[in-house]
Amino acid sequence: IMWNYLFSPNNSGRLTFHAVSKRAQLGQYNLRKLNKNRNFTALVVDESQDLDECQVDWLSNQRYYGLFVCFVGDAAQQIYSFRGGKAQKFMNVKGATDLFLTRSFRFGDSIARCAN
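Keep in mind it's a predicted model, so treat the numbers as computed, not measured. Within any chain, residue numbers begin from 1 and follow the written order of that chain's sequence. Since the coordinates come from a predicted model, pLDDT governs what is reported: local features require at least 70, and pairs of side-chain atoms require 80 or more to be given and counted, while whole-chain, interface and lining totals use all residues. Heavy atoms from the whole structure form the basis of all side-chain values; hydrogens and water molecules are not counted.

Asks: What is the right way to look at the side chain of Gln-55 in this model?
Replies: For the purposes of this entry, the term helix denotes a DSSP run of H or I that reaches at least four residues, the term strand denotes a run of E that reaches at least two, and both are numbered from the N terminus. Mapping Gln-55 onto the fold places it in helix α4 (residues 53-60). In this analysis, two residues are considered to be in contact whenever any of their non-hydrogen atoms come within 4.5 Å of each other. Sequence-distant contacts of Gln-55, that is, excluding residues within four places in its chain, are made with Phe-17, Ser-21, Asp-50 and Arg-83.

Printed below as a string of structure tokens:
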């Protein structure tokens, strides 16, 4: 009943981010069909360490609609675990290839060694 109310015309704007994310996941929303410019072929998702399981599932499944999906994130920078963000979820997408950034252009090697 609550789910139906959230997405009914009687709801006066009380949608949460999580409800919209879950609806996109369950409805298997295709981003290419939802976007008027369907010419894009890639989806880059930055700060992926803060995605929850629902978001990772929905976004990673966009590959079945012909999109190349690239998750970019750093598990050490995760700050949204209180709302379900789990870096391990995007790091364990089936069929994914892990690539590592081995050099930073923001600061030198001495700062990187100290930070790590």
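Next comes the rest of the write-up.
Asks: Quick question: what am I supposed to make of helix α2 (residues 17-26) here?
Replies: Because the α-helix completes a turn every 3.6 residues, residues three or four places apart line up on one side. Where α2 is concerned, the buried positions are Ala-19, Ser-21, Ala-24 and Gln-25. Where α2 terminates, the next one or two residues include Gln-28, which has phi positive at roughly 50°. Three exposure classes are used, based on accessible area relative to the maximum for each residue type with a 1.4 Å probe and protein chains only: buried under 20%, partly exposed in between, and exposed over 50%.

Asks: How should a nonpolar patch on the surface be read in this particular structure?
Replies: Where nonpolar side chains cluster on the molecular surface, the patch consists of Ile-79, Tyr-80 and Phe-82 and spans about 360 Å² of accessible area. For Phe-82, the location among the structural elements is in the loop between β2 (68-71) and α5 (87-91). Take Phe-82: its relative accessible area is 66%, and that puts it in the exposed class. In this scheme, patches are assembled from residues that exceed 30% relative accessible area and form no salt bridge. Like charges are connected within 9 Å, while nonpolar side chains (Val, Leu, Ile, Met, Phe, Trp, Tyr) are connected within 5 Å. Per-residue and other accessible areas were derived by the Shrake-Rupley procedure at a 1.4 Å probe size, with only the shown protein chains allowed to occlude residues. We define a salt bridge as a side-chain nitrogen of Lys or Arg found within 4 Å of a carboxyl oxygen belonging to Asp or Glu.

Asks: Explanation requested: the environment of Leu-43 in the structure shown.
Replies: In this structure, Leu-43 sits in strand β1 (residues 42-45). Leu-43 gets classed as buried once you look at its relative accessible area, which sits at 17%. Separated by 35 residues in the primary sequence, Leu-43 and Ser-8 have C-alpha atoms spaced 30 Å apart. Not counting residues up to four positions away in its chain, the partners in contact with Leu-43 are Leu-31, Leu-59, Gln-62, Leu-67, Phe-68, Val-69 and Cys-70.

Asks: Whenever I open this one, the packing of α2 against α4 confuses me. Can you help?
Replies: What counts as an axis is a line fitted to C-alpha atoms, over the stretch in contact for a helix, and the angles between N-to-C directions run from 0 to 180 degrees. Their axes nearest at 9 Å, the elements α2 and α4 cross at an angle of 35°. As α2 runs across α4, the sense of the crossing is left-handed. Two secondary-structure elements touch here, α2 through Phe-17, Ser-21, Lys-22, Ala-24 and Gln-25 and α4 through Cys-54, Gln-55, Asp-57 and Trp-58. Only Asp, Glu, Lys and Arg are considered charged, only Ala, Val, Leu, Ile, Met, Phe, Trp, Tyr, Cys and Pro nonpolar, and every remaining residue, Gly among them, polar. Class assignment for the residues of the contact of α2 with α4 results in four nonpolar, three polar and two charged. For any pair of crossing helices, the crossing counts as left-handed if the nearer helix is rotated counterclockwise from the farther one by less than a right angle, and right-handed if it is rotated clockwise.

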